[in-house]
Amino acid sequence: MKSYRKELWFKTRTRRAFVHITSQVEEAVRESGIREGLCLVNAMHITASVFINDNEQGLHQDYERWLEDLAPHEPLERYLHNRTGEDNGDAHLKRQVMGREVVVAVTGGKLDLGPWEAVFYGEFDGRRRKRVLVKIIGE
Ligand code: ZN
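As the structure is a computational prediction, the values presented were derived from the model and not from experiment.

A. Expanded view of the coordination of the zinc ion. Bound to the zinc ion on the protein side are His81 (NE2), Glu86 (OE), Asn88 (OD1) and His92 (NE2), at distances that span 2.1 to 2.5 Å. Taken together, the four donor atoms coordinating the zinc ion and their angles of 81 to 154° define a geometry best described as irregular. Spacing between the donor residues of the zinc ion along their common chain follows H-x4-E-x1-N-x3-H. With respect to class, Asn88 is no different from His92; both count as buried.

So this is what it looks like as structure tokens:
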């Protein structure tokens, strides 16, 4: 069995952002040389997510509104977590809802995604460098 590891780095200009990363994950699969196996993609930070859904702008705005309804950034005092002096209590909750990782089958050297599936990095406390891990195993 072969394995391949790669880190993708992101620094979003805004506090919250959704970044389409399917092509970067596909590139890692090509680099791995693995034809049949599994590809794990996970955020390495507890205020960011990796998830799969439609690549559609309206949907991204819907996420933003929905997540702000669930866990608004302000007032900061709303979150016990912010008593530590941080201001990202909301970002931890948003990450919990949107998930930590995805696993995608690798078939014939390609990501075996459904017709409308795309891989995204979800940032909830950005404007600093953060990492996503890609780990591919197979043969
Ligand atoms: Zn925090």
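Still more ground to cover, so stick around.
B. Spotlight on the side chain of Ser49. Structurally, Ser49 is set in strand β4 (residues 48-53). A distance of 3.3 Å separates a polar side-chain atom of Ser49 from the backbone oxygen of Arg95. A polar atom in the side chain of Ser49 sits 2.8 Å from the backbone oxygen of Gly99. The residues contacting Ser49, other than those within four sequence positions of it, are Ala43, Lys94, Arg95, Met98, Gly99, Arg100, Phe120, Tyr121, Gly122 and Phe124.

C. Representation of the nonpolar core in the model. Counting 21 residues, the largest nonpolar core has Cys39, Val41 and Ile136 as the members making the most contacts within it. Among the secondary structure elements, those contributing two or more residues to this core are β1 (2-10), α1 (22-32), β3 (37-43), β4, β5 (101-107), β7 (118-123) and β8 (130-138). Apart from the residues within four sequence positions on either side, Val41 is in contact with Ile21, Val25, Val50, Arg100, Glu101, Val102, Val132, Leu133 and Val134. Grouped together as the second largest cluster of nonpolar side chains are eight residues, Phe51, Tyr63, Leu67 and Phe120 included.

D. Inspection of the sheet that holds β1 at higher detail. Pairing within the open sheet is antiparallel, and its five strands lie in the order β1-β8-β3-β5-β6. In the strand order of this sheet, the two ends are held by β1 and β6 (110-111), each with one partner. Contacting β1, β3, β5, β6 and β8, α1 runs over the sheet at an angle of about 150° to β1.

E. Local environment of the sheet that holds β7. Strand order across the open sheet formed by three strands is β2-β7-β4, with antiparallel pairing between neighbours. Both outer strands of the open sheet, β2 (17-20) and β4, are each paired with one neighbouring strand and no more. Taken over all neighbouring pairs, the strand axes of this sheet differ in orientation by 30° on average, direction set aside. Where β2 meets β7, four bridges bridge the pair, whose relative direction is antiparallel. The partner of Val19 across the bridge, within β7, is Tyr121. On top of the sheet, helix α2 (residues 57-70) reaches β2, β4 and β7; it is set at about 145° to β2, its chief contact. The sheet contacts of helix α3 (residues 89-98) involve β2 and β4, and relative to β4 the element is tilted by about 30°.

What counts, and at which threshold
Residues numbered from 1 in each chain as written. Predicted model: local features only at pLDDT ≥ 70, side-chain atom pairs only at ≥ 80, totals over all residues. Heavy atoms only, no water. Donors = N, O, S within 2.8 Å, 3.2 Å for Na, K, Ca; no water. Tetrahedral: all angles 85-135°; square planar, octahedral: opposite > 155°, others 65-115°. Buried < 20%, exposed > 50% of the residue type's maximum accessible area, 1.4 Å probe, protein only. Helix = DSSP H or I, 4+ residues; strand = E, 2+ residues; numbered from the N terminus. Polar contact = N/O pair within 3.5 Å; in protein donor to acceptor, adjacent residues only side chain to side chain. Contact = heavy atoms within 4.5 Å. Core = buried A, V, L, I, M, F, W, Y, C linked by side-chain atoms within 4.5 Å. Pairing = 2+ DSSP bridges. Axes fitted to C-alpha atoms, helices over the stretch in contact; angles between N-to-C directions.

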